[in-house]
Amino acid sequence: ALLVGLYADGAGGPRLVYVGRVGSGLTESERLRLMDALPEFHAAAPPFANPPRHPGWEVRWVQPALTVTVAFSEWTEDLKLRAPSLVGWSRVPPEECRL
């Protein structure tokens, strides 16, 4: 699964806000390519202003360098994606992905 976020304006400038976990729609070949490519984007700490806290998750943090298109049914009250599914890869720069 991918942990995804969008940029939102905040004190001190834009910050990356966690909006959900996308597991559906990711093919096995895409997952394998990601596993090969993501080490170059490794980050020691979460890039999110509000990182998810789920004990037991094995998370590999990366810099927000890739963008995806996600379909989802609706926003939850706490601004999370409900039933997200990966549609494809995007060429939109990360900083243009806004909440």
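Residue indices begin from 1 for each chain and proceed along its sequence in written order. Restriction of local features to residues with pLDDT of at least 70 applies here, the model being predicted, together with a cutoff of 80 or more for giving and counting side-chain atom pairs; totals for whole chains, interfaces and linings are based on all residues. The basis for the side-chain values is all heavy atoms of the structure; hydrogens and waters are excluded.

## Side note on the overall build of the chain
Then, number 1: Within the chain, the secondary structure is distributed over one helix and six strands.
Then, number 2: Ordered by position from the N terminus, the helices and strands of the chain form the series β-β-α-β-β-β-β.
Then, number 3: Each of the three principal axes of the chain carries a C-alpha extent, and together these read 40 × 30 × 30 Å.
Then, number 4: Relative to its 99 residues, the chain shows a buried fraction of 28%.
Then, number 5: The criterion used for residue contact is that any of the two residues' heavy atoms lie within 4.5 Å. Long-range contacts, defined as pairs at least 24 residues apart, comprise 49% of the intrachain contacts of the chain with a sequence gap of at least 6.
Then, number 6: Working note: accessible area of the chain is about 6700 Å², and carbon and sulfur atoms make up 53% of it.
Then, number 7: Under the convention used here, Asp and Glu are negative, Lys and Arg are positive, and both His and the chain ends fall outside the count. Where a charge lies is defined by one atom per residue type: Lys uses NZ, Arg uses CZ, Asp uses CG and Glu uses CD. Taken as two groups, the 10 positive and 11 negative side-chain charges of the chain have centres that lie 3 Å from each other. The secondary structure listing takes helices from DSSP runs of H or I that are at least 4 residues long and strands from runs of E that are at least 2 residues long, numbered from the N terminus. Summary of the burial criterion: residues with accessible area below 20% of their type's maximum are buried, those above 50% are exposed, and those between are partly exposed, where the area comes from a 1.4 Å probe applied to protein chains only. Note on areas: Shrake-Rupley with a 1.4 Å probe; residue coverage comes only from the protein chains shown.

## Focus on a nonpolar patch on the surface
Then, number 1: Residues forming no salt bridge and having over 30% relative accessible area are the ones grouped into patches, like charges within 9 Å of each other and nonpolar side chains (Val, Leu, Ile, Met, Phe, Trp, Tyr) within 5 Å. Whenever Lys or Arg places a side-chain nitrogen within 4 Å of a carboxyl oxygen from Asp or Glu, that contact is recorded as a salt bridge. Nonpolar side chains collect at one region of the surface, where Phe-72, Trp-75, Leu-79 and Leu-99 lie side by side and expose about 350 Å² of accessible area between them.
Then, number 2: With respect to the helices and strands, Phe-72 occurs in the loop between β3 (67-71) and β4 (74-75).

## Quick notes on the pairing of strand β1 (residues 2-10)
Then, number 1: When DSSP locates at least two bridges between a pair of strands, those strands are taken to pair. Both β1 and strand β2 (residues 13-22) contribute to a ladder of nine bridges, which runs antiparallel. Bridging across to β2, Gly-10 finds its partner in Gly-13.
Then, number 2: Connecting β1 to the antiparallel partner β2 that follows it, the hairpin turn spans two residues, and Gly-12 within it adopts a positive phi of roughly 90°.

## As for the nonpolar core
Then, number 1: If you look at the biggest cluster of nonpolar residues, it comprises ten residues: Leu-2, Val-4, Leu-6, Val-19, Val-22, Leu-26, Leu-34, Leu-81, Leu-86 and Cys-97.
Then, number 2: Mapped onto this core, the elements with two or more residues apiece are β1 and β2.
Then, number 3: Considering each element in turn, this core owes the most residues, three residues, to β1.
Then, number 4: Excluding its chain neighbours within four sequence positions, the residues that come into contact with Leu-81 are Val-4, Val-19, Val-70, Phe-72, Glu-74 and Trp-75.
Then, number 5: Counting six residues, the second largest nonpolar core, distinct from the first, contains Leu-16, Tyr-18, Ala-43 and Trp-61. We call a set of buried Ala, Val, Leu, Ile, Met, Phe, Trp, Tyr and Cys residues a nonpolar core when their side-chain atoms join them within 4.5 Å.

## Overview of the packing of aromatic side chains
The way to describe two aromatic rings as a pair is by their centre distance and the angle between their planes.
Then, number 1: Any Phe, Tyr or Trp ring, taking Trp's six-membered ring, that has another such ring centre within 6.5 Å forms a pair; planes under 30 degrees apart are called stacked, those over 60 apart edge-to-face, and the others tilted. Throughout the structure, instances matching the rule amount to three aromatic pairs.
Then, number 2: Ring geometry for Phe-72 versus Trp-75: centroids 5.1 Å apart, planes at 70°, classification edge-to-face.
Then, number 3: Exposure remark for Trp-75: the relative accessible area of 35% places this residue in the partly exposed category.
Then, number 4: When the ring centre of Trp-57 is taken as reference, the NZ or CZ atom of Arg-21 above it lies at 5.0 Å. Placement of a positive charge over a ring is assigned whenever Lys NZ or Arg CZ falls within 6 Å of the ring centre and within 35 degrees of the normal to the ring plane.

## Things to note about the pattern of salt bridges
Then, number 1: In this structure the tally under the stated criterion is four salt bridges.
Then, number 2: One salt bridge in this structure joins Arg-98 and Asp-9, with 2.4 Å as the shortest N-O distance. In this pair, Arg-98 sits in the segment after β6 (85-90) while Asp-9 sits in strand β1, placing the two residues 89 residues apart along the sequence.
Then, number 3: For Arg-82, the salt bridge is made with Glu-74, and the minimal N-O distance between the two is 2.7 Å.

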